[in-house]
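Tertiary structure, described
The chain contents come next:
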There are 2 protein chains.
Amino acid sequence: MKSSIPAATVARLPVYLRCLGDLFVSQGTCSSEELAAIAGVNSAQVRKDLSFLGSPGVRGVGYNVLDLSRELRVALGLTKGYSVAIIGIGNLGRALSNYKGFGDWGFEVAALFDADPDKVGTAVGEFSVESMDDLEQIVKERNVSIGIVTVPADAAQYVADRLVETGIRSILNFAPIVLQVSDNVSVRRVDLSTELPILTFLLQQSVE
Amino acid sequence: MKSSIPAATVARLPVYLRCLGDLFVSQGTCSSEELAAIAGVNSAQVRKDLSFLGSPGVRGVGYNVLDLSRELRVALGLTKGYSVAIIGIGNLGRALSNYKGFGDWGFEVAALFDADPDKVGTAVGEFSVESMDDLEQIVKERNVSIGIVTVPADAAQYVADRLVETGIRSILNFAPIVLQVSDNVSVRRVDLSTELPILTFLLQQSVE
């Protein structure tokens with residue numbers, strides 16, 4: 001059944017899960033309208049998206065917040081932990097190395113890598129930066145299943161290729177380029193500026 | 001007409017614009033299927049979203065990449081520049097202070113602020129970190145219209161309140177909390193971990 005969830009719905013499920021986490025825990029239920037308002041989509045979309053999960057909301061009552069959170073976690077594969085490696089220890093790599101949001105969802109940073117010999121061996125939080133020469137070995141030893149790419153654009157494809165060679169099939173890319181990977185590798189790109197034009201759209205509306 | 005674009009569509013328009021930028025410039029036209037594939041939505045959604053803009057695609061030919069980019073910029077209010085201030089100069093604030101993606105869309109970082117007296121006056125790239133005491137004055141002098149909040153969660157609401165007091169009506173929030181603001185203020189939250197569960201969903205599918 002899971003494989004029949006449309007990709008666009010899958011992309012919204014983490015947003016719903018995060019929004020449910022933001023609701024007061026004391027709030028036992030949540031209507032599709034409430035969830036839609038926090039998530040920034042319309043309520044019909046919320047109901048349609050959530051209809052792909054196991055249990056529907058109850059008309060006039062809404063969704064049980066804890067049950068729905070659990071179902072979202074199951075659907076998204078968040079019932080077990082995942083080890084991630086961060087490649088590229090500039091400011092963004094450092095910021096992500098202690099980003100609390102990862103831990104909330106069961107992601108554990110297991111290793112930091114950089115190609116710069118001056119950075120290798122230096123401490124970043126509780127980690128020591130590892131050399132790219134040791135990528136294959138450490139990824140296997142620490143059971144890393146997701147690579148987070150925070151290198152400059154011109155190094156990102158090389159890093160992605162190296163990750164794929166080690167057997168990694170999931171890449172989160174913060175570099176501003178489109179990575180070319182084979183069909184059995186999943187890449188999600190994070191563009192830190194995507195939300196800004198939504199603000200300018202609203203700003204423009206307010207002055208018209 | 002612009003105000004009739006649904007919020008969910010507005011949120012996807014920057015994604016389309018970014019995807020068009022990723023296409024080879026030599027590619028004159030782009031089908032809704034191509035754009036859908038890069039953007040990670042379905043092609044019917046792309047056609048529906050783009051129908052809210054001025055000119056439709058041509059059946060069998062697709063959209064002119066440059067024309068569509070221009071229309072997206074106009075719809076999103078990206079035809080003029082905006083000055084942004086970053087508040088909270090930790091690793092993430094530093095990373096954003098020289099993030100190339102902002103400049104691509106006409107956003108210029110105009111000031112960096114931090115509450116830590118040890119950071120005030122230090123250099124970050126071409127900037128000198130400013131004191132929060134000078135927030136009002138500098139925001140006005142440098143015509144800042146968007147505040148980017150990269151402080152820890154427990155300081156974010158205070159910072160948002162200070163920004164709103166100075167007259168700022170657009171806030172990009174990287175802190176992991178929901179900010180409470182009045183109706184005339186727009187807040188977009190960036191959750192750096194939202195894409196990870198999409199990868200685990202796909203990872204789970206591939207092993208089932």
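Residues numbered from 1 in each chain as written. Chains lettered and ligands numbered in written order. Predicted model: local features only at pLDDT ≥ 70, side-chain atom pairs only at ≥ 80, totals over all residues. Heavy atoms only, no water.

1. A word on the packing of helix α1 (residues 7–22) of chain B against helix α3 (residues 43–50) of chain B
For any two helices packed against each other, one specifies the crossing angle of their axes together with the interaxial distance. Residue and element names in this part refer to chain B. Stated formally: The axes used here are C-alpha line fits, helices contributing only the stretch in contact, and every angle between their N-to-C directions lies in the interval 0 to 180 degrees. Secondary structure counts use DSSP, requiring at least four H or I residues in a row for a helix and at least two E residues in a row for a strand, with both numbered from the N terminus. Every angle not falling under 35 degrees, over 145, or within 65 to 115 is termed oblique; those three ranges are roughly parallel, roughly antiparallel and roughly perpendicular. Residue contacts are defined here by distance: any two heavy atoms, one from each residue, within 4.5 Å place the two residues in contact. Charged residues are taken to be Asp, Glu, Lys and Arg, nonpolar residues to be Ala, Val, Leu, Ile, Met, Phe, Trp, Tyr, Cys and Pro, and polar residues to be all remaining types, Gly included.
Where α1 meets α3, the closest approach of the two axes is 10 Å, and the angle between their N-to-C directions is 105°. When the axes of α1 and α3 are compared, the pair comes out roughly perpendicular. Counting all contacts with α1, which are made through Thr9, Arg12, Leu13 and Tyr16, the residues of α3 involved are Gln45, Val46, Asp49 and Leu50. In terms of residue class, the contact of α1 with α3 is built from four nonpolar, two polar and two charged.

2. Some words on the domain arrangement of chain A
Residues and elements named next belong to chain A. Threshold: Either an automatic procedure or a domain database provided the assignment from which the domain bounds are taken. The buried area of a pairing is the accessible area, by a 1.4 Å probe, that goes missing from both parts when the two are put together, added over both. We count a salt bridge whenever a side-chain nitrogen from Lys or Arg sits within 4 Å of a carboxyl oxygen from Asp or Glu.
What the domain assignment lists for chain A is domain 1 (2–75) and domain 2 (82–189). On a C-alpha basis, the centres of domain 1 and domain 2 stand 30 Å from each other. Carbon and sulfur atoms make up 48% of the area that domain 1 and domain 2 hide from each other, which totals about 400 Å². Ranking the residues of domain 1 by area buried against domain 2 places Pro14, Arg18 and Arg73 at the top, with a combined share of 79%. Across the domain 1-domain 2 interface, the total number found is one salt bridge.

3. Some points on the relation of the copies chain A and chain B
Rule in force here: A residue counts toward the fit only if its pLDDT is at least 70 in both copies, and the copies are then superposed by least squares on the C-alpha atoms of those residues.
Taken as rigid bodies, chain A and chain B are interconverted by a rotation of 180° and an axial shift of 0.1 Å, the fit giving an RMSD of 0.0 Å. Both copies are brought into coincidence by an operation consistent with a two-fold rotation axis. Distance from the rotation axis, computed per C-alpha, reaches its smallest value in chain A at Asn91 of chain A: 2.5 Å.

4. So, the packing of aromatic side chains
Cut-off, in case you're wondering: Classification of ring pairs rests on two measures: the distance between centres of Phe, Tyr or Trp rings, Trp counted by its six-membered ring, which must be within 6.5 Å, and the angle between planes, read as stacked under 30 degrees, edge-to-face over 60 and tilted in between. Classification of residues uses two cut-offs on accessible area relative to the type maximum, computed with a 1.4 Å probe and protein chains only: under 20% is buried, over 50% is exposed, and between them is partly exposed. Consider the ring centre and the ring normal. A charge sits over the ring if Lys NZ or Arg CZ is within 6 Å of that centre and within 35 degrees of that normal.
The tally for this structure, following the rule as stated, stands at four aromatic pairs over all chains. Taking 5.2 Å as the distance between ring centres and 75° as the angle between the ring planes, the aromatic pair formed by Tyr99 of chain A and Phe102 of chain A counts as edge-to-face. A residue is classified by how much of its surface remains accessible, and Phe102 of chain A, at 1% relative accessible area, is buried. Residue placement shows Arg18 of chain B over the ring face of Trp105 of chain B; its charged tip is 4.2 Å from the ring centre.

5. Here we look at the sheet that holds strand β9 (residues 170–173) of chain B
All names here are of chain B. Heads up, the rule is: Paired strands, in this sense, are two strands between which DSSP finds at least two bridges.
Pairing in this open sheet of six strands is parallel, and the strands run β7-β4-β3-β8-β9-β10 from one edge to the other. Looking at strand neighbours, the two that pair on one side only are β7 (130–131) and β10 (186–189), the edges of this open sheet. Here β9 pairs with β10 via four bridges, running parallel. If you follow Leu172 over to β10, its bridge partner there is Arg188. Against the sheet, helix α8 (residues 153–165) engages β3 (82–87), β8 (144–149) and β9, with an angle of about 175° to β8.

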